[in-house]
Amino acid sequence: MISKNMTAALNTHLNRELYSAKLYLSMWSYANCAGLKGAGNWFMVQYQEEMVHFMKFNAYVNSQGEQVKLGMMEEIPSEFTSFLDLFEKTLAHEQSITGWINELMDLAIQEKDHATQIFLQWFVTEQIEEEENDREIIGKLKLIGDNGQGLLMLDNELAARIFVPPPAAATA
Ligand SMILES: [Fe+2]
Ligand SMILES: [Fe+2]
């Protein structure tokens, strides 16, 4: 059993993970239209990962006997300016998500809610990986500058990213 307060906080956050999925789908579309098929692939994998994050929260709230509430009808950004802009916005968004995961963890600790702390641990680790991936790509993009050949090579590298589905139990 989790508190009403915790349920509400988890509900708010699962909507943010859904927002993340939509944001990366919007970036997928921009990248494809800009001829960056590799970056498009990278954002498609990111979209799929976000749907996994979203489903993990849904499954956890449900497993605690609480109903999920969906309802964040926010405008999704669709105006991007460059390869670099996509990843700078991705990193900034993931840093916000990290902050919110930390706030959820603070609440779980404050409420002595051990189950939610264990559940959130996976996300604490995941956010380190998310930010690291984005920073690595931003670093490469800054080195490349506007060298077309370098950009194409990086785009090819991003084309190789594959989605690894979680074990069925993780989102059941
Ligand atoms: Fe996420
Ligand atoms: Fe990830």
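Nothing here was measured: the structure is a model prediction, and the numbers come from that model.

Thoughts on the overall build of the protein
- Counting secondary structure elements, the protein contains 5 helices and 0 strands.
- When the elements of the protein are put in sequence order from the N terminus, they spell out α-α-α-α-α.
- Its C-alpha radius of gyration of 17 Å places the protein within 12% of the 16 Å reference for a compact globule of 172 residues.
- Among the 172 residues that make up the protein, the fraction classed as buried is 45%.
- Of the roughly 9300 Å² that the protein leaves accessible, carbon and sulfur atoms contribute 58%.
- In the protein, the 12 positive side-chain charges and the 24 negative ones have mean positions that sit 4 Å from each other.

Focus on the side chain of Glu50
- As for its placement among the helices and strands, Glu50 is situated in helix α2 (residues 37-63).
- For Glu50, which is buried and forms no salt bridge, the nearest opposite charge comes from Arg161, at a distance of 7.5 Å.
- At 3.0 Å, the side chain of Glu50 forms a polar contact with the side chain of His53.
- Beyond its immediate sequence surroundings of up to four residues, Glu50 is in contact with Glu17, Ser20, Ala21, Tyr24, Glu94 and Glu130.

Quick word on the coordination of the iron ion (ligand 1)
- At 2.1 Å from the iron ion (ligand 1) lie its protein donor atoms, namely Glu17 (OE), Glu50 (OE) and His53 (ND1).
- Each donor residue of the iron ion (ligand 1) lies on the same chain, and together they follow the pattern E-x32-E-x2-H. Linking Glu17 in helix α1 (residues 4-33) with His53 in helix α2, this pair joins segments that are 36 residues apart in sequence. Taken as a pair, Glu17 and His53 share a single burial class, namely buried.

Let's talk about the coordination of the iron ion (ligand 2)
- Distances from the iron ion (ligand 2) to its protein donors, Glu49 (OE), Glu126 (OE), Glu129 (OE) and Glu130 (OE), fall at 2.0 to 2.6 Å.
- For the iron ion (ligand 2), the 4 donor atoms in the first shell make angles of 68 to 155° at the metal, so the coordination geometry reads as irregular.

What counts and what doesn't
Residues numbered from 1 in each chain as written. Chains lettered and ligands numbered in written order. Predicted model: local features only at pLDDT ≥ 70, side-chain atom pairs only at ≥ 80, totals over all residues. Heavy atoms only, no water. Helix = DSSP H or I, 4+ residues; strand = E, 2+ residues; numbered from the N terminus. Rg over C-alpha atoms; globule rule 2.2 N^0.38 Å. Buried < 20%, exposed > 50% of the residue type's maximum accessible area, 1.4 Å probe, protein only. Areas by Shrake-Rupley, 256 points an atom, 1.4 Å probe, with all protein chains shown as cover. Lys, Arg positive; Asp, Glu negative; His and termini not counted. Charge placed at Lys NZ, Arg CZ, Asp CG, Glu CD. Salt bridge = Lys/Arg side-chain N within 4 Å of Asp/Glu carboxyl O. Polar contact = N/O pair within 3.5 Å; in protein donor to acceptor, adjacent residues only side chain to side chain. Contact = heavy atoms within 4.5 Å. Donors = N, O, S within 2.8 Å, 3.2 Å for Na, K, Ca; no water. Tetrahedral: all angles 85-135°; square planar, octahedral: opposite > 155°, others 65-115°.

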